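Chains, contacts and geometry: an overview
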Amino acid sequence: MPAARASIKDFFPPDGMPQRIYCDRCKGHLDLSFGDFDEVVSDIHIAISGLPTLICEPCGTSYLPDRSRFAVIELHRQAMTKNVGAVSVTRRKQTRTFAFTKVPFLYDADDYDYIPGLRRTHDEGFLTPVFFSRDVLLKYDAHPSYRVTFASRTYGNIEQGDDFRIPFGINRNARVVMWLGDIARLPENEQFYLRSENVPSDHSIGSEFYDGQIECVFTKRSPEDQLFEQRSQFLEACFHRFGQKVAHLEQEVLDLAVSVRRPVVDTRAERRHIADALNKIYLESLDNNALGVLLSQAGHDASKLGSLKRLQKLLETLGTSTDIAAAMTPLYVLYDLRVAYSHLGSAESEEERIASICQRLGLDAKADLLSVYDVLVSRLQSCFKALVAVTQTS
Ligand SMILES: [Zn+2]
């Protein structure tokens, strides 16, 4: 059954305004999909299967991209000319490729044509999204001459010295997305490696990646995003200072970094989950081995020290006037939080530990998880900022 009757006038983009990627209802980012259009439009029954459509996944609203609107208008015009009351077509997917690289990447030229904001009159196809498994980030992070830096939890750059910097996003399906034109500037062997991790398009561009790259805006970022960026900046500062990465990215860290959210309830399970997740992202990702090597190069024995103490000692070798142990307090608090919330000690010591955590965060000893979380996230941000300053200036 065709849907509600519409007027052909409604298919012309309103006031000459192009369709944007944002949902009018909830302001969410739209994904491209291919749907079946079936409507009576100004007395003509028009059916198109596989019509590019923009869908808001969270609220379920759908929109037609400008080129799909024009396809409806054109079919209506043809039917009027032929004087027929119905028209039914199946849209064939285009198989167009762009001549940026010889490496046969999987991508969908429909993304370039139908996702709002990507088409340009020059460098045709440059902004075609190409999708990868997330392993590409882990590989580049593990590679000594590349670095993966984050501007938020889902938007960042792969960098190599001053030679290149390629922006990437992580979309809602946990895929990595980059622009075809950027990829084509890489050395060919890197392109072949990327091709091995290349997956078909899911037509969903990471939201912050899109906002930063296409709209040139940074959406107001959550405290968790800002914290992850601060961590990234600290690791960058260490890399420049010590010539080595002092932390590594692992699948689990990346999963947790993307998924960790402010808790909404204060339960034992939630306490444990939050403390575990923050520990894995911010403490356990420190590279104990690399810290040990750097310390022994500086003439210190690190064999009996855990990674936080190693980091503290390493920063102290910089001869700064800053009290490093005090600056690192939020990291030690985070460590204690996990011990306390995982009930790794006796009940009395657990109570004492929580009281000490709250006292160091400037909170009442009976503060709930939400208060502890908010203050800790904010203190961790300040902590990384302070450590960046120490690393860069001393
Ligand atoms: Zn919506």
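See the structure printed just above.
I will try to describe carefully the structure that is included in this document. Here the structure is a predicted model, which means the values were calculated and not measured. (Residues numbered from 1 in each chain as written. Predicted model: local features only at pLDDT ≥ 70, side-chain atom pairs only at ≥ 80, totals over all residues. Heavy atoms only, no water.)

The probe, sized like a water molecule, is rolled over the atoms to show the empty space still left. For the structure shown, the criterion picks out 4 cavities of 30 Å³ or more. A volume near 170 Å³ is recorded for the largest cavity. What lines the largest cavity is a set of 15 residues, and nearest its centre among them are Asp-141, Val-148, Ser-232, Leu-235 and Ala-247. Broken down by secondary-structure element, the contributors of at least two residues to the lining of the largest cavity are strand S7 (147-152) and helix H7 (223-242). Its residues placed into classes, the lining of the largest cavity shows 7 nonpolar, 3 polar and 5 charged. Taken as a whole, the second largest cavity encloses approximately 60 Å³ of empty space. Forming the boundary of the second largest cavity are Arg-231, Phe-234, Leu-235, Ala-247, Tyr-282, Ser-285, Leu-286, Leu-311, Leu-331 and Phe-384. Here the lining of the second largest cavity gets 3 residues from one element, more than from any other, and that element is H7. The class makeup of the residues in the lining of the second largest cavity is 8 nonpolar, 1 polar and 1 charged. (1 Å grid on protein atoms, 1.4 Å probe; cavity = no way out; pocket = protein on both sides within 12 Å on 5 of 7 lines; lining within 4 Å. Points joined across faces, edges and corners; volume = space filled by probe spheres on them. Helix = DSSP H or I, 4+ residues; strand = E, 2+ residues; numbered from the N terminus. Nonpolar A, V, L, I, M, F, W, Y, C, P; charged D, E, K, R; others polar.)

Within this structure, the stated rule accounts for 15 aromatic pairs. Look at Phe-98 and Tyr-112: their rings are 5.3 Å apart centre to centre, the planes differ by 70 degrees, and that puts the pair in the edge-to-face class. Of the two residues, Phe-98 sits in the loop between strand S5 (86-90) and helix H2 (109-114) while Tyr-112 sits in helix H2, which places them 14 residues apart along the sequence. With a centroid separation of 5.8 Å and an interplanar angle of 35 degrees, the aromatic rings of Phe-234 and Phe-384 are classed as tilted. With Phe-234 in helix H7 and Phe-384 in helix H15 (residues 369-393), the pair connects residues that are 150 residues apart, well separated along the chain. Phe-384 gets classed as buried once you look at its relative accessible area, which sits at 4%. By the ring-pair criterion, three or more aromatic residues cluster together here, those being Tyr-140, Tyr-146, Phe-164 and Tyr-193. Positioned above the aromatic ring of Tyr-140 is the side chain of Lys-139, whose terminal nitrogen or guanidinium carbon lies 4.5 Å from the ring centre. Lying over the aromatic face of Tyr-193, Lys-139 brings its terminal NZ or CZ to 4.2 Å of the ring centre. (Phe/Tyr/Trp six-rings, centres within 6.5 Å; stacked < 30°, edge-to-face > 60°. Buried < 20%, exposed > 50% of the residue type's maximum accessible area, 1.4 Å probe, protein only. Lys NZ or Arg CZ within 6 Å of the ring centre and 35° of its normal.)

Grouped together as the largest cluster of nonpolar side chains are 107 residues, with contacts concentrated most on Leu-137, Met-178 and Leu-194. Looking at which element gives the most residues to this core, the answer is H15, with 12 residues. Grouped together as the second largest cluster of nonpolar side chains are 15 residues, Ile-44, Leu-51, Leu-64 and Ile-73 included. (Core = buried A, V, L, I, M, F, W, Y, C linked by side-chain atoms within 4.5 Å.)

Those protein atoms acting as donors to the zinc ion are Cys-23 (SG), Cys-26 (SG), Cys-56 (SG) and Cys-59 (SG), and they sit at 2.2 to 2.3 Å. For the zinc ion, the 4 donor atoms are set out with angles of 95 to 123 degrees between them, so the coordination reads as tetrahedral. Each donor residue of the zinc ion lies on one chain, and together they are spaced C-x2-C-x29-C-x2-C. With a gap of 30 residues between them, Cys-26 in the loop between strand S1 (3-6) and strand S2 (31-41) and Cys-56 in the loop between strand S3 (44-55) and strand S4 (62-63) connect regions that are remote in the sequence. Judged by its relative accessible area of 35%, Cys-26 is partly exposed. (Donors = N, O, S within 2.8 Å, 3.2 Å for Na, K, Ca; no water. Tetrahedral: all angles 85-135°; square planar, octahedral: opposite > 155°, others 65-115°.)

What follows deals with the side chain of Thr-154. Following the sequence through the fold, Thr-154 ends up in the loop between S7 and strand S8 (155-160). Not counting the four nearest positions on each side in its chain, Thr-154 is found in contact with Phe-168, Gly-169, Ile-170, Glu-208 and Val-258. (Contact = heavy atoms within 4.5 Å.)

Right, let's get into the packing of helix H13 (residues 329-341) against helix H14 (residues 347-360). In helix packing, the relevant descriptors are the interaxial angle and the interaxial distance, both defined with respect to the helix axes. The contact between H13 and H14 brings their axes to 9 Å, and the two run at 150 degrees. Put simply, H13 runs roughly antiparallel to H14. Between H13 and H14 lies a crossing whose hand is left-handed. Of H14, the residues touching H13 (which contributes Thr-329, Tyr-332, Val-333, Asp-336, Leu-337, Val-339, Ala-340 and Tyr-341) are Glu-350, Arg-353, Ile-354, Ile-357 and Arg-360. The residue inventory of the contact of H13 with H14, partitioned by class, reads 8 nonpolar, 1 polar and 4 charged. (Axes fitted to C-alpha atoms, helices over the stretch in contact; angles between N-to-C directions. Parallel < 35°, antiparallel > 145°, perpendicular 65-115°, else oblique. Left-handed = near helix turned anticlockwise from the far one by under 90°.)

The 6 strands lie next to each other as S7-S8-S9-S10-S6-S11, forming an open sheet whose pairing is antiparallel. A strand with exactly one partner marks an edge of an open sheet, and here the two such strands are S7 and strand S11 (198-199). Relative to S11, strand S6 (residues 129-132) runs antiparallel, the two being bridged by 2 bridges. Paired with Phe-132 across the bridge in S11 is Asn-198. (Pairing = 2+ DSSP bridges.)

Note that all results are geometric; they support no functional claim without further evidence.
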